[in-house]
Amino acid sequence: MDNTQYELNKGLAQMLKGGVIMDVTTPEQAKIAEAAGACAVMALERIPADIRAAGGVSRMSDPKMIKGIQEAVSIPVMAKCRIGHFVEAQILEAIEIDYIDESEVLSPADDVYHIDKTKFKVPFVCGARDLGEALRRINEGASMIRTKGEPGTGDVVQAVRHMRKMNAEIRKIVSMREDELFEEAKQLQVPYHLVQYVHENGKLPVVNFAAGGVATPADAALMMQLGAEGVFVGSGIFKSGDPAKRAAAIVQAVTNYTDSALIAKLSEDLGEAMVGINENEIKLIMEERGQ
Amino acid sequence: MRIGILAVQGAFIEHEKILTSLGHECVELRQKSDITNIDGLVLPGGESTVQGKLLRDLDMFDDIKARIDDGIPVLATCAGLILLSEKISNDANTYFATLPVTVKRNAYGRQLGSFEQVADFAGIGPVKMTFIRAPYIEKANDNVNILATIDGNIVATKYKNQIGLAFHPELGDDIRIHQMFCDLM
């Protein structure tokens, strides 16, 4: 991937800012998401909550199913490949997906190496729990970052933890003396030039979204107030009582994330939220995949 | 000058940074009550379907359309161009429909079709243009000024108070197009 392509790929993430990216499993769901105001959809066979329930190995979705979703909507379509599975990524690039999510939601294909994303023309988004993970993924070629959170739980606690941690680490680097950055790069296990960028700009060099466990308009607004530039909602929408209404409410809450009177109104009569599982009740910790 | 920047979704901060650096005050338009006394309007890139829906859901549409009809200077990029266009050839929806052109959404295909190219921009000269899942204008009325074309397709226009661009001048460090917009105020 040349530098121009990387800039174009970072640019697409910039266009998604202030928006909500929704998990969908069928063309019908994709149309509901688009009509509700999703800025992109993530095409996958099973949403994280169902992946969790089903157990076993979870892989890239059937390309035919993804193509069906690409034909159903006009907004960008993303899809997930397994961590380290560069052939799944090649397949997704071949069907002209708009963004690949190298995702811990699927079973990792490689327990050491991530995909060398610089070898692709198509953009990648990757999950991160802290600044070190985020900068390592960016060094590998990711043009967008999202918190990992804990997918498929409906519990926002880990997304909050990851966003707070990342931003606290960024603030720390901003306040450092320049001669302390070399050691910080060593501690974070990331290249010096990325630490230097954070020091000078007070932010990641790419767009940073929140993901994992967002289930309500209030959750989405919470993540935005904590510094997210947009929100992924996975199981939270289509595992709820009234997906179209909940999706539209989350979209508006992300735009007006500091207007509590509006968010109060948006939170009324949304029907049942996804039941969710508490972080202490889960056996499979997806956030620990790929570090 | 006080410039209203539509901030319901998309890359509005990039415009804000450039216009602030040119000495203007920027106000983010996120709901109806934000639309007060503004001298200029920016419709940024993003997803036109999302922006169009939020303009209606948040009851902002009529107020903004009235400002455009009144002749406030408008700079619209990518999704913003779609919001302004009178017709969209591959979509039944239209939004403000104040710019007499027919636009094609996602005219260059998906993200793998996104590109960067230097082309001549009337009154400015060669400009590096960034196209991301971009539209282009298929047809423009005779009274629309065509400012730039690429491979025969129109990518920049001016009509009365409205500048409509298929590309993203807010993504680089070239401020000449923003300056041209500011000169209209």
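Every chain begins its residue count from 1, and numbering advances along the sequence as written. For this description, chains carry letters from A and ligands carry numbers from 1, given in the order in which they are written. Totals for whole chains, interfaces and linings use all residues, but because this is a predicted model, local features are given only for residues with pLDDT of at least 70 and pairs of side-chain atoms are given and counted only at 80 or more. Hydrogens and water are ignored here; the side-chain numbers use all heavy atoms of the structure.

## Observations concerning the overall build of chain A
- The helix and strand inventory of chain A stands at 13 helices and eight strands.
- Against the 2.2 N^0.38 benchmark of 19 Å for 291 residues, chain A shows a C-alpha radius of gyration of 18 Å, consistent with a compact globule.
- Here the C-alpha coordinates of chain A stretch approximately 55 × 45 × 40 Å along the principal axes.
- A simple rule labels every residue: compare its accessible area, found with a 1.4 Å probe on the protein chains alone, to the largest value its type can have, and call it buried under 20%, exposed over 50%, or partly exposed in between. Counting across all 291 residues of chain A, residues that qualify as buried make up 62%.
- A fraction of 67% describes how many contacts in chain A between residues 6 or more apart in sequence connect residues 24 or more apart.
- Note on areas: these come from Shrake-Rupley sampling with a 1.4 Å probe, and a residue is covered only by the protein chains present in the view. Summing over all exposed atoms, chain A offers an accessible surface of approximately 11,200 Å²; the carbon and sulfur share of this is 49%.
- The charged-residue count follows a simple rule in which Lys and Arg add positive charge and Asp and Glu add negative charge, with His and chain termini not counted at all. Note on charges: their place is set at NZ of Lys, CZ of Arg, CG of Asp or CD of Glu. Both charge centroids of chain A, one from 32 positive and one from 42 negative side chains, sit 1 Å from each other. Secondary structure elements are taken from DSSP: a helix is a run of H or I of four residues or more, a strand is a run of E of two residues or more, and numbering for both begins at the N terminus. The size measure is the radius of gyration over C-alpha atoms, and the globule rule it meets is 2.2 Å times the number of residues to the 0.38 power. Contact between two residues is taken to exist if any of their heavy atoms lie within 4.5 Å; hydrogens are not considered.

## Some details on the sheet that holds strand β5 (residues 124-128) of chain A
All names here are of chain A.
- Here we have eight strands laid out as an open sheet, ordered β7-β6-β5-β4-β3-β2-β1-β8, and parallel in their pairing. A single partner strand is all that each edge strand has here, and the edge strands are β7 (207-209) and β8 (231-233). Recorded for the sheet is a direction-independent mean angle of 30 degrees between the axes of neighbouring strands.
- Paired strands, as defined in this entry, are two strands with at least two bridges between them according to DSSP. For β5 and strand β6 (residues 144-147), the ladder comprises four bridges, and the chain directions are parallel. Across the sheet, C126 pairs through a bridge with I145, a residue of β6. Geometry is summarised by axes, namely lines fitted to C-alpha atoms with helices restricted to the contacting stretch, and by angles between N-to-C directions that run from 0 to 180 degrees.

## Considering the side chain of A:T25
- Here A:T25 is to be found in the loop between β1 (20-24) and α2 (27-36).
- The buried category is assigned to A:T25, whose relative accessible area is 19%.

## Quick word on unusual backbone geometry
- A positive phi angle is found at A:Q189, which is not glycine, with a value near 60 degrees.
- Within the element layout of this structure, A:Q189 appears in the loop between α8 (181-188) and α9 (192-201).

## Details of the pattern of salt bridges
- Salt bridges are counted wherever a side-chain nitrogen of Lys or Arg sits within 4 Å of a carboxyl oxygen of Asp or Glu. Here the structure, examined in full by the defined rule, presents 29 salt bridges over all chains.
- Across the pair B:K53 and B:D57 runs a salt bridge, and its minimum N-O distance is 2.4 Å. Residue B:K53 and its partner B:D57 are located together in helix α2 (residues 48-57), separated by four residues, close to a single helical turn.
- Exposure remark for B:D57: the relative accessible area of 35% places this residue in the partly exposed category.
- The partner of B:R105 in a salt bridge is B:D91, with the nearest N and O atoms 3.0 Å apart. Here B:D91 lies in the loop between β5 (85-88) and β6 (99-104) and B:R105 lies in the loop between β6 and β7 (115-121), a separation of 14 residues in the sequence. In terms of burial, B:R105 and B:D91 fall into one category: buried.
- One salt-bridge network, in which partners are shared between bridges, spans A:K80, A:D101, A:E104 and A:R146.

## Some details on the pairing of strand β3 (residues 77-82) of chain A
All names here are of chain A.
- Counting buried residues in β3 gives six out of six residues, a clear majority hidden from the surface.
- Of the two faces of β3, both are covered, the one formed by V77, A79 and C81 as well as the one formed by M78, K80 and R82.
- Direction of pairing for strand β2 (residues 40-43) relative to β3: parallel, over a ladder of three bridges. Within the sheet, the bridge partner assigned to A43 lies in β3 and is A79.
- Here five bridges tie β3 to strand β4 (residues 99-103), and the two strands are oriented parallel to one another. Counterpart to M78 in the pairing with β4 is Y99.

## Observations regarding the interface of chain A and chain B
- Between chain A and chain B, the residue contacts involve 36 residues of the former and 33 residues of the latter.
- Defined here as a combined quantity, buried area equals the accessible surface (1.4 Å probe) lost by two parts on assembly, summed across both. The junction of chain A with chain B conceals about 2,800 Å² of combined surface from both sides, 55% of it contributed by carbon and sulfur atoms.
- Contact with chain B buries area across many residues of chain A, yet A:L8, A:M15 and A:T255 alone supply 25% of it, more than any other trio.
- On the surface where chain A and chain B come into contact, there are two salt bridges.
- As a salt-bridge pair, A:D98 and B:R133 come within 2.9 Å of each other at their nearest N and O atoms.
- Each polar contact in these results corresponds to two N or O atoms within 3.5 Å; when the atoms are within protein, one needs to be able to donate a hydrogen and the other to accept it, and residues that are neighboring in sequence are counted only if both atoms are side-chain atoms. The tally of links between chain A and chain B comes to 19 residue pairs in polar contact (both at pLDDT 80 or more).
- A per-element tally of the side of chain A that touches chain B places helix α1 (residues 3-16) of chain A first, with nine residues.

## Regarding the nonpolar core
- A:M144, A:M223, B:I64, B:F121 and B:M129 are the most contacted members of the largest nonpolar core, which has 137 residues in total.
- Residues in contact with B:M129, not counting those within four places in the same chain, are B:F115, B:E116, B:Q117, B:A119, B:D120, B:F121, B:A148, B:I150, B:V155 and B:F167.
- Residue types Ala, Val, Leu, Ile, Met, Phe, Trp, Tyr and Cys, when buried and joined through side-chain atoms within 4.5 Å, form a set referred to as a nonpolar core. Counting residues in hydrophobic clusters, the runner-up holds 22 residues, among them A:Y6, A:C126, A:A185 and A:V198.

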